[in-house]
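Observations on the three-dimensional arrangement
Letter by letter, the chains look like this.
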Amino acid sequence: MNPTFDSIRIAGPEAVLTAGALVTLMIGTFTGDRGLRALTYVAVLILAIAGFSLMQAPAGVTQYAFGDFYVADSFSSFLKVLIIGAAAASMLLALPYLGDARTGRFEYPVLLMLATLGMCMMVSANDLLSLYIGLELQSLAAYVLAAFHRGESRSSEAGLKYFVLGALASGILLYGVSLVYGFAGTTSFVGISNVVAAAPARSLGILFGLVFIISGLAFKISAVPFHMWTPDVYEGAPTPVAAFFSAAPKAAAMGLLVRVLVVGFGAMALDWQQIVIFLSIASMLLGAVGAIGQSNIKRLLAYSSIANVGFALVGLSAATPKGIEGLLFYLAVYLAMTLGSFLVLLQLRRADGGPVELMTDLSGLSKVRPGLAAAMAIFMFSLAGIPPLLGFWPKFAVFTAAVDAGLWPLAIIGVIASVIGAYYYLRLVKIMYFDEAGVAVISDGGRTNGALIAAAALFCSPIGMLAITPIVSAAGRAAAVVFQVAG
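I will try to describe carefully the structure that is included in this document. Predicted, not measured: the structure shown is a model, and the values here were computed from it.

Notes on the pattern of salt bridges
Counting across every chain of the model gives eight salt bridges. Here R9 and D6 are joined by a salt bridge, their closest N and O atoms 2.6 Å apart. Linking R9 with D6, this pair stays in helix α1 (residues 3-10), spanning three residues, or about one helical turn. Residue classification places R9 among the partly exposed positions, given a relative accessible area of 45%.

Quick notes on the nonpolar core
Membership of the largest hydrophobic core comes to 169 residues, with the highest contact counts inside it found for F245, F265, W272, L313, L316 and L328. If we skip the residues at most four places from it in the chain, L316 touches L257, V258, L261, V262, W272, V276, G323, I324 and L327. Ranked by size, the runner-up nonpolar core spans five residues in total, among them I10, A11, A65 and Y70.

Quick look at helix α14 (residues 297-318)
Taking 1.5 Å per residue, 22 residues should reach 32 Å; α14 reaches 32 Å between its end C-alpha atoms and fits that length. Counting buried residues along α14, 22 of its 22 residues qualify, which places the element largely inside the surrounding structure. Two or three places before K298, at the opening of α14, N296 has a side-chain oxygen 2.8 Å from that residue's backbone nitrogen. Following α14 by one or two positions, A319 has its phi on the positive side, about 55°.

Re the packing of aromatic side chains
The tally for this structure, following the rule as stated, stands at 17 aromatic pairs. Geometrically, the ring pair formed by Y143 and F163 is edge-to-face, given 5.4 Å between the ring centres and 85° between the ring planes. Of the two residues, Y143 is situated in helix α7 (residues 128-146) and F163 in helix α8 (residues 153-184); the sequence distance between them amounts to 20 residues. What makes Y143 buried here is its relative accessible area of 8%. With a centroid separation of 6.2 Å and 45° between ring planes, the pair formed by F244 and F245 is classed as tilted. Under the relative-accessibility criterion, F244 is labelled buried at 0%. F245 gets classed as buried once you look at its relative accessible area, which sits at 2%. Within the aromatic cluster, the residues linked to one another by ring pairs are Y143, Y162, F163, F219, W229, F244 and F245. The lysine or arginine in question, K395, covers the ring of F311, its NZ or CZ lying 4.4 Å from the ring centre.

A look at a nonpolar patch on the surface
A grouping of F5, I8, F66, F69 and L129 is seen on the molecular surface, where their side chains present a nonpolar patch of about 470 Å² in accessible area. The residue F66 is located in the loop between β1 (63-65) and β2 (70-72) in this model. The partly exposed category is assigned to F66, whose relative accessible area is 41%.

Here we look at α7
For α7, spanning 19 residues, the distance from its first C-alpha to its last is 26 Å, which sits close to the expected 27 Å at 1.5 Å a residue. The N-capping residue of α7, defined by a side-chain oxygen 2.9 Å from the backbone nitrogen of L129, is D127.

Considering the environment of S461
On the secondary structure map, S461 appears in the loop between α20 (446-460) and α21 (468-486). On the basis of relative accessible area, S461 is assigned to the buried category, the value being 8%. Sequence separation between S461 and L390 is 71 residues, and the spatial gap between their C-alpha atoms is 6.0 Å. Other than its neighbours up to four places away in sequence, S461 contacts I378, L389 and L390. Among the polar contacts listed, one links the side chain of S461 to the backbone oxygen of L458, at a separation of 2.7 Å.

Details of unusual backbone geometry
Note the cis peptide between V224 and P225, where omega equals 10°. Structurally, P225 is set in the loop between α10 (204-220) and α11 (230-236). Residue P388 is reached from P387 by a cis peptide bond, and omega for that bond is 5°. Position of P388 relative to the elements: it lies in the loop between α17 (370-384) and α18 (392-404). With a phi close to 65°, D68 is a non-glycine residue in the positive phi region.

What counts and how
Residues numbered from 1 in each chain as written. Predicted model: local features only at pLDDT ≥ 70, side-chain atom pairs only at ≥ 80, totals over all residues. Heavy atoms only, no water. Salt bridge = Lys/Arg side-chain N within 4 Å of Asp/Glu carboxyl O. Helix = DSSP H or I, 4+ residues; strand = E, 2+ residues; numbered from the N terminus. Buried < 20%, exposed > 50% of the residue type's maximum accessible area, 1.4 Å probe, protein only. Core = buried A, V, L, I, M, F, W, Y, C linked by side-chain atoms within 4.5 Å. Contact = heavy atoms within 4.5 Å. Expected span 1.5 Å × (residues − 1). Polar contact = N/O pair within 3.5 Å; in protein donor to acceptor, adjacent residues only side chain to side chain. Phe/Tyr/Trp six-rings, centres within 6.5 Å; stacked < 30°, edge-to-face > 60°. Lys NZ or Arg CZ within 6 Å of the ring centre and 35° of its normal. Patch = residues over 30% accessible without salt bridge, like charges linked within 9 Å, V, L, I, M, F, W, Y side chains within 5 Å. Areas by Shrake-Rupley, 256 points an atom, 1.4 Å probe, with all protein chains shown as cover.

Note that every value here comes from positions in space, so none of it alone points to a role or purpose.
Shown next as structure tokens:
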């Protein structure tokens, strides 16, 4: 078979997304905003086809394409399912918002599809060059999405901040790539691993390059101290965009970080473990403490995402298959919890037509919208890690992996951060159930969003424990593949 066609076949999801993005862009160019709803459903269908193409790949087989720049395996497939699912949900949940004549833009599903293409490239990157291509494709689309509401100064400010800081992070990452290439003589993850393992002594040049690469990727996952953009961008960006930012890009960047460190720099685990432990502790504590004084729900969820990144990094800090398995399990559950929280916000409007963003806007919500209040309570309790809700088990998994790896102080700090973080989650529940009704709110999200909220709430509830075994099994297979390549 022709090597090019064979590579395209292996990269089936990316090929579908590329063709789909071009087709929807052409359709949108001729139909304009009047065809937004139909275009969104077409985009969701394309995402479904891309997800279906993942099922056609041979199970348990690692395939390489495009001169070994691209790898398709169980690890990338697991993350692509999460990314594609989050992207599809983000398209559907935005329909009521984009249906407003002032904000309707057919480019939204197209940009989301291009960002999804970049994220799929990220988790399948097998080389520092393909890593950068995927990362920038996702980032460029994200910059535009952050400033999508051009008529609102907050949205334009969010896009500008994200772009400037993102460009700085990309420069840091590229400098690290150049250092690693200069001292290792290759940009391939496997090649770098071989060079590092065969070196008689640790190379300071490669070590400095690794530090810069981790710094650049830490920006993408909002890990402290590279988190500064997150609260402002979440607050300023349109709520559907903030929901997307909180989910899919986090999973993609975290998966990319795992592949870079475990596959490319596995022989330097003792070096990068120290950095990841610091990022984890700083993110957990700052995310927990920083959210306490917030009155804006989107800013609160931004700090919550920083804290949850710290919890996920506990699994990576262990540098074991069990730790990576816990990290992947954490990402799967976190996507449902955070998307569900944003869905509730999008389902509500103030009586004056404005968006619900302040915590006081939800005062007495249980009395006027008991179903939405119950769903939000489930998401908050699950984010706090309170058993028997599903959010408890990923935290238990990463903390157990850390203890098994001898990192019990890290696990203790994680438990303390969880207790601190529970305060602001429970505070929001208290406002919904025990405060007097303040600003009147109305339901304005449509049946699709209602169905998504119900599905996410059931998944995060104790009923979701039925899904633990298949998710953990898939995460275990994905983690084993990464360490098999590294070994």
